[in-house]
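Each chain is listed here by its residues.
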Amino acid sequence: MKFKDMGLSPQLLDTINRMNYITPTLIQMKSIPHILKGNNVVGESATGSGKTLAFGCGIVERVLPKKGLQALILTPTRELCQQVKEELRVLSNGNLNILAVYGGVSINKQISKLDIAEVVVATPGRLLDHINRNTVNLSQVKILVLDEADRMLDMGFIDDVEKIVQRTPKNKQTLFFSATISFEIEDIIEKYMNNPITVSGIKMVDPSKLKQVYYDISKNMKLALLVHLLKHERSGLVMVFCNTRRNVDFVVKNLRINGLYAIAIHGGLTQNKRSRTMDSFNESKVHILVCTDVASRGLHIENVSHIYNYDVPHDAKDYVHRIGRTARAGEEGKVINVLCEFDHDNFRKIRDRYSEFSIECFDTPYLKRVNMTSSREDHDNYPRWHR
Ligand code: ADP
Ligand code: MG
């Protein structure tokens, strides 16, 4: 199936053509025709498989300029919010007023722009603020999208999301997109969607494109191993995952001490700082991004060749989301797990749950001593809200 066989308008086909998308991805092929018909759709497909364009087509085809707020997209993080907004801006050819609404920036500036927006991409907390202040009018919303629905629930946004959904008109079209559909999501689907059509694209991760390895060493050698690998592996952009903010800061600081320029992204940094960090990473000015799960979720970063797990995540699903950052769109990728005694439990959970992954054990290379700050790492993990 081609884009031109899916019922898209000539204008939109033209834009997609100019974006250089030649063939639709599986999830796009399966969902776009239903979305254009106005059906409620649940789309499950791996990170990086083009879900934004799938719901974006529905929005661009149905939302009219200057007719008030007609499409609302909820996303779990600020960065994702900006990315979705940007993709919709391109897709709509600049013909729609699209506003990203998220916390951490002045609410007043958002208020005046809300008056003229036809499409709002929002994180749940900030949107609820606007709802409570009566600064957003949801009465004309005809399309509601929950993007990264699984993560939205994981991050504890369920109550906020429900409150928002309840404020939108009953007869709207609802679209859910998620990398995985859990039982909790099925509950929400049942509660808020009439006769949804469920479509699946590719499942998370193409194992043939992705090499997964692990090293097993003692805690105090972790950093030395990371430094060694970062210096010796041929790689493009690299993401290093930690479980806590404190470990992110620790790793960044110590990589720099050892001559590796890395930048941090986690929930404790200001919005301004996070945006600037993302820009320099996307422009490949910096090759190493050290981050927590929350901050990284749903970001589209091109050309990530290596994912390092400096800490193995608690939740096996986070492992899949992390590794979904690489081997995107047919590129090859490598995942390197740096395990110590504190990671074994989490690692076992991953292997049990995803027994189809083959994760090869590598011997520890000879490691040089590295310089380190006296600051301490966490061994235990903060609760999710602290990441
Ligand atoms: P997801 O939301 O499923 O994680 P995204 O919507 O962020 O994925 O898309 C991932 C990347 O793939 C983006 O850079 C997007 O521009 C690109 N992309 C989307 N659809 C296509 C397509 N049909 N052909 C090529 N690239 C595409
Ligand atoms: Mg997405």
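Residues numbered from 1 in each chain as written. Chains lettered and ligands numbered in written order. Predicted model: local features only at pLDDT ≥ 70, side-chain atom pairs only at ≥ 80, totals over all residues. Heavy atoms only, no water.

A.B. asks: Got a minute to help me understand the nonpolar core in this structure?
C.D. replies: If you look at soluble globular proteins, the nonpolar side chains tend to sit buried side by side. If you look at the biggest cluster of nonpolar residues, it comprises 35 residues, and the most contacted ones within it are Ile59, Ile73 and Val119. By residue number, the principal contributor to this core is helix 3 (residues 51-62), which donates six residues. Not counting chain neighbours up to four residues away, the residues in contact with valine 119 comprise Ile59, Val63, Leu69, Ala71, Ile73, Leu88, Leu96, Asn97, Ile98 and Leu99. Grouped together as the second largest cluster of nonpolar side chains are 31 residues, Val42, Leu128, Leu138 and Phe176 included. (Core = buried A, V, L, I, M, F, W, Y, C linked by side-chain atoms within 4.5 Å. Buried < 20%, exposed > 50% of the residue type's maximum accessible area, 1.4 Å probe, protein only. Helix = DSSP H or I, 4+ residues; strand = E, 2+ residues; numbered from the N terminus. Contact = heavy atoms within 4.5 Å.)

A.B. asks: I would appreciate a short explanation of the pairing of strand 8 (residues 210-216) in the present structure.
C.D. replies: Extensive coverage of strand 8 is indicated by the burial of five of its seven residues. Relative to strand 13 (residues 333-339), strand 8 runs parallel, the two sharing seven bridges. Note on strand 13: the bridge partner recorded for lysine 211 is lysine 334. One ladder, built from three bridges, connects strand 8 with strand 14 (residues 359-361); its direction is parallel. By the bridge assignment, valine 213 is partnered in strand 14 with glutamate 360. (Pairing = 2+ DSSP bridges.)

A.B. asks: In this structure, what is going on with the site of ligand 1? I would like to understand it.
C.D. replies: What surrounds ligand 1 is a group of 17 residues, the closest being Tyr21, Gln28, Gly48, Lys51 and Thr52. Between ligand 1 and the protein, one listed contact pairs an oxygen atom with a backbone N or O atom of glycine 50 at 3.1 Å. Within the side chain of threonine 52, a nitrogen or oxygen atom sits 2.5 Å from an oxygen atom of ligand 1. Expressed as a share of its isolated accessible area of 560 Å², the protein-covered part of ligand 1 is 83%. Built from parts of two domains, the shell around ligand 1 gets at least three residues from each of domain 1 (3-200) and domain 2 (207-361). (Near = heavy atom within 4 Å. Polar contact = N/O pair within 3.5 Å; in protein donor to acceptor, adjacent residues only side chain to side chain. Areas by Shrake-Rupley, 256 points an atom, 1.4 Å probe, with all protein chains shown as cover. Domains from an automatic or database assignment.)

A.B. asks: Mind showing me how you'd approach the sheet that holds strand 11 (residues 288-291) here?
C.D. replies: What holds strands together in a sheet is hydrogen bonding between their backbones, with the strands either parallel or antiparallel. Taken in spatial order, the seven strands of this open sheet run 10-11-9-12-13-8-14, and their pairing is parallel. Of all the strands in the sheet, the pair left with one neighbour each is strand 10 (262-265) and strand 14. For this sheet, the mean angle separating the axes of adjacent strands, direction not counted, is 25 degrees. (Axes fitted to C-alpha atoms, helices over the stretch in contact; angles between N-to-C directions.)

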